[in-house]
Amino acid sequence: MDFVLANCTHAVSFSAKQHSLKGRSKTVRGRKQRFSVIRISNSAAEFSGSKAASSGDKKDWQVPKSSTALELLDIERGVCIPFRKYSPETVRNKVLESRGAVLSLISRGVEIVWNLGLYWSILMYDCFVGRDEEVVPFRAQQLRKLLCDLGPSFIKAGQVLANRPDIIREDYMNELCILQDDVPPFPNEVAFSIIEEELGRPLEAVFSKISSQTIAAASLGQVYRATLRDSGEDVAIKVQRPKIEPIIYQDLFLFRTLASFLNGISLQKLGCNAELIVDEFGEKLLEELDYTLEARNLEDFIENFKNDPTVKIPRVYKQLSGSRVLVMEWIDGIRCTDPQAIKDAGIDVDGFLTVGVSAALRQLLEFGLFHGDPHPGNIFAMRDGRIAYVDFGNVAVLSQLNKQILIDAVVHAVNEDYAEMANDFTRLGFLAPGTDVAPIIPALEAIWQNSAGKGLSDFNFRSVTGKFNQLVYNYPIRIPERFSLVIRSLLTQEGICFTLKPNFKFLEVAYPYIAKRLLTDPNPTLRERLIQVLFKDGMFQWKRLENLIVLAKENVVKMSSNPALQKKDLQGSRQVVNKLDLKDTIKDGARLFLIDEGIRRQLLLALTEDSQLHVQELVDVYRLLEDQIDIPSMALEVARDFPSVVRDLMLAWTESVLSDR
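Quick caveat: nothing in here was measured; it's all calculated off a predicted structure.

Further remarks concern the overall build of the protein. Along the backbone of the protein there are 27 helices and 13 strands. For the protein, with 661 residues in total, the buried portion stands at 50%. Look at the contacts in the protein between residues 6 or more apart in sequence, and 70% of them connect residues 24 or more apart. Element-wise, carbon and sulfur atoms account for 57% of the exposed surface of the protein, whose accessible area totals about 31,800 Å².

Checked against the element boundaries, E294 lands in helix α13 (residues 291-304). Apart from residues lying up to four places away in sequence, E294 is in contact with K238, L326, D391, F392 and G393.

The tally for this structure, following the rule as stated, stands at 26 salt bridges. Note that E329 and R315 form a salt bridge whose closest N and O atoms lie 3.5 Å from each other. Of this pair, E329 sits in strand β6 (residues 325-329) while R315 sits in the loop between β5 (311-312) and β6; the two residues are 14 residues apart in sequence, bridging distant segments of the chain. Relative accessible area serves as the criterion here: at 15%, E329 is assigned to the buried category. For R315, a relative accessible area of 37% puts it in the partly exposed group. When the shortest N-O distance is used, the salt bridge between D408 and R427 registers 3.6 Å. With D408 in helix α16 (residues 400-414) and R427 in helix α17 (residues 418-428), this pair connects stretches of sequence that are 19 residues apart. There is no split in this pair, since D408 and R427 are both buried.

So, about the nonpolar core. Counting residues in hydrophobic clusters, the biggest one holds 90 residues, and the most contacted among them are I313, V357, I387, Y389 and L548. Three or more residues apiece are contributed to this core by two domains, here domain 2 (350-487) and domain 3 (505-660). Counting residues in hydrophobic clusters, the runner-up holds 37 residues, among them I112, A157, L179 and F255.

Let us now look at helix α6 (residues 136-150). With 15 residues, α6 extends 21 Å between its outermost C-alpha atoms, agreeing within 8% with the 21 Å of an ideal straight helix rising 1.5 Å per residue. Residues of α6 that are buried sit in contact with α5 (99-129), α7 (152-161) and α8 (170-176). The first or second residue beyond α6 is G151, which carries a positive phi of 110°.

We now examine the state of the cysteines. Within the structure shown, the criterion is met by 0 disulfides. In this model C497 remains outside any disulfide bridge; the closest cysteine sulfur is found in C336, 8.5 Å from its own. Judged by relative accessible area, C497 falls into the buried class, the value being 9%.

This part takes up the sheet that holds strand β9 (residues 379-381). Taken in spatial order, the 4 strands line up as β5-β10-β9-β7 in an open sheet, and their pairing is mixed. The open sheet is flanked by β5 and β7 (334-335), the only strands paired with a single partner. Sheet analysis places β9 next to strand β10 (residues 387-389), joined by 3 bridges and oriented antiparallel. When the sheet's bridge partners are listed, F380 is paired in β10 with A388. Strands β5, β9 and β10 of the sheet are contacted by helix α15 (residues 349-367), whose axis makes an angle of about 45° with β10.

The subject of this paragraph is unusual backbone geometry. For K243, which is not glycine, the phi torsion reads 55° and is therefore positive. Residue D391 is not a glycine yet carries a positive backbone phi of 65°. Locating D391 in the fold gives a position in the loop between β10 and β11 (395-397). Overall, the relative accessible area of 22% leaves D391 in the partly exposed class.

Here we take up the packing of α6 against α7. Helices that pack against each other are described as a pair by the angle of their axes relative to one another and the distance between those axes. At their nearest, the axes of α6 and α7 sit 5 Å apart, and the two run at 145° to each other. The way α6 lies across α7 gives a crossing that is left-handed. When α6 is examined against α7, the residues L147, C148 and L150 are found in contact with a partner set consisting of F154, I155 and G158.

Residues L258, F261, L262 and I265 make up a contiguous nonpolar surface patch of about 440 Å² in total accessible area. By secondary structure assignment, the location of L258 is in helix α11 (residues 245-270).

Here we come to the packing of aromatic side chains. Per the stated rule, a full pass over the model turns up 6 aromatic pairs. Relative to F255, the ring of F154 has its centre 5.3 Å away and its plane inclined at 80°; by these criteria the two rings are edge-to-face. Of the two residues, F154 is situated in helix α7 and F255 in helix α11; the sequence distance between them amounts to 101 residues. Across the pair, exposure class does not vary: F154 and F255 are buried alike. Summarising the aromatic geometry, the rings of F255 and F281 are spaced 6.1 Å apart at their centres and angled 50° between planes, so their arrangement reads as tilted. Note that F255 is positioned in helix α11 and F281 in helix α12 (residues 274-289), a separation of 26 residues in sequence. The two residues F255 and F281 agree in class, both being buried. Taken together, the ring pairs connect F154, F255 and F281 into an aromatic cluster. We note K94 situated over the ring of Y249; from NZ or CZ to the ring centre the distance is 5.3 Å.

Before going further, it helps to spend a moment on the pairing of strand β4 (residues 234-240). With 6 of 7 residues buried, β4 is to be regarded as a mostly interior element. Relative to β4, strand β3 (residues 221-228) runs antiparallel, the two sharing 7 bridges. Each bridged residue has a counterpart across the sheet, and for T227 the counterpart in β4 is D234. Hairpin remark: β3 followed by β4, antiparallel, with 5 residues in the connecting loop; positive phi at G232, about 80°. Two elements, β4 and β6, share 5 bridges in a ladder whose sense is antiparallel.

Moving on: the environment of S208. Counting through the fold element by element, S208 comes out in strand β1 (residues 207-210). Take S208: its relative accessible area is 40%, and that puts it in the partly exposed class. Separated by 25 residues in sequence, S208 and E233 have C-alpha atoms that sit 10.0 Å apart.

Here the focus is the confidence of the model for the protein. For the protein, the mean per-residue pLDDT works out to 75, and 69% of the residues sit at or above 70. Scored below 50 in pLDDT, residues 77-83 makes 23 contacts in the model with residues more than four places away or belonging to other chains.

When you line up the elements, K156 lands in helix α7. Each residue touching K156, except ones within four places of it in the same chain, is listed here: S219, L220, F281, L285 and E288.

A few words on the environment of A422. Tracing the sequence through the fold places A422 in helix α17. Taking relative accessible area as the criterion, A422 reaches 0% and is therefore assigned buried. C-alpha separation for the pair A422 and P442, spaced 20 residues apart in sequence, amounts to 9.7 Å. Excluding residues within four positions of it along the chain, A422 makes contact with L431, V437, I441 and L444.

Definitions and limits used
- Residues numbered from 1 in each chain as written.
- Predicted model: local features only at pLDDT ≥ 70, side-chain atom pairs only at ≥ 80, totals over all residues.
- Heavy atoms only, no water.
- Helix = DSSP H or I, 4+ residues; strand = E, 2+ residues; numbered from the N terminus.
- Buried < 20%, exposed > 50% of the residue type's maximum accessible area, 1.4 Å probe, protein only.
- Contact = heavy atoms within 4.5 Å.
- Areas by Shrake-Rupley, 256 points an atom, 1.4 Å probe, with all protein chains shown as cover.
- Salt bridge = Lys/Arg side-chain N within 4 Å of Asp/Glu carboxyl O.
- Core = buried A, V, L, I, M, F, W, Y, C linked by side-chain atoms within 4.5 Å.
- Domains from an automatic or database assignment.
- Expected span 1.5 Å × (residues − 1).
- Disulfide = S-S within 2.5 Å.
- Pairing = 2+ DSSP bridges.
- Axes fitted to C-alpha atoms, helices over the stretch in contact; angles between N-to-C directions.
- Left-handed = near helix turned anticlockwise from the far one by under 90°.
- Patch = residues over 30% accessible without salt bridge, like charges linked within 9 Å, V, L, I, M, F, W, Y side chains within 5 Å.
- Phe/Tyr/Trp six-rings, centres within 6.5 Å; stacked < 30°, edge-to-face > 60°.
- Lys NZ or Arg CZ within 6 Å of the ring centre and 35° of its normal.
- pLDDT = per-residue confidence, 0-100.

Quick look at the structure:
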């Protein structure tokens, strides 16, 4: 841990420098309260690796061999000394604290070994008699039922394996997907008793009525609908399964012990750290087990989407919630897999799909806080056109560097720069540092060109993921847990989109959002990516700029047609935003043109490429933007910014003069 603390010291100094840049380097909105000591947006490992990675340096992220798997996880995420319930030491102390606890652990171990051993012997017999392939569907079903019998930890493990093509074959993955929304409930009497214990009061004192049947049941808990006695508001009550914490701690200890024995083999044969996989799983599982953390997740999502009228996040009643019970606002929406009900409610399906894809991409690329389990029971269409999310126990957290690399990967895909795409995989943790990416480059090129080369109509995540699964088996690729959640989330949401619209084209919705973000986002980092997109091999891509503008305008039109944006405010004016907000982009572009000699030279060359003035292209771009720009207000903004531009220009000139001397 000393190494992590040393990295934190360097990271703090780097974070201070970032803070001076107008505070734009914040990692994840609303996550600061998660950590008892400090959380740094980019750890020293990320900082030292970010520049080197972009230049192809293979020495990134070289971590001392003495570092534990959990320390590796901290460094990879850019987290220093997080407040967490999980650590191998904590789990060990918990399950070995007394003689009775040790006996219970032994009993649990015998139960697991007996059941899994019996199942494994059946598989070996199938292989011995040569029928292993023909009975796969039946054996996969047996495995799912076995995991349910073994309890919450194994159900969760099955849910994780359902999205790990680097660990389990596809036919078993498909069967294990059933565990994500089909788990047997536990008795109401037990659930109501737990609620009363957490509240410290009888149910009748708090709720005027409560449903007699569960609304949903999951691996760790189940949900009821109730009405508050004081206010008459409808709420959802999520209550945890009884006595599962000791079992989960025992299982995690056994998993970690097994991983320590197998780690040498997994590193050599599979290229993955078995201890790291268990640590990721254990950390996420114990986070989900504490409903106070889920309440914080809810507050974080509310903060992130507070200015987005197209997204609904339920508020949490913290005074009625605890570590085993969570009381939330009831969402009265339509299941997003019921296209007829959505149409009957007068909701435009295309507009709703645009809202859903945009919300997902904002979580991934903007907030770095991503809903990890958006199955059909957790996403609803509101009657006013909004999309609503529920169940925030499972979230993916991405660092600022991870978000930037994902955007880089999008830019590299647009520019067909497959070598840099392969390097992006290393920077994201899919490949071990120092891995030779040369053999992977042709495979990535084939996957992308086969998926996108046929046009937008033939592109979908499931086909790309299927091809990527084959890549995982052929190369030493490990899917980090957070990206496993992201992949599962994107696949699930794409499946929902196909249910609503069978001919749904993901890129037709995603590209306009990304184009609008590249053109309008206030983050200066996005400006650099925009320049990378607009220049290819030193040549300015006029047609690409026109396409970006057209796509961005298309996104604005689709979003502005959503009923949630048609509401009137107190003054009676509508909240519709039907123009691109290009103020920051134009101001930054003007600033770069005046201050950055390299950019100025590139833009001047772009206007005179092939020994001709590209006046017509410039006119075409202006015609696309003339209805989007308010010239007087834009001129006023530029005038207000003029003193700072002059100051920066003088500083740049002074620096160049001093450097010449």
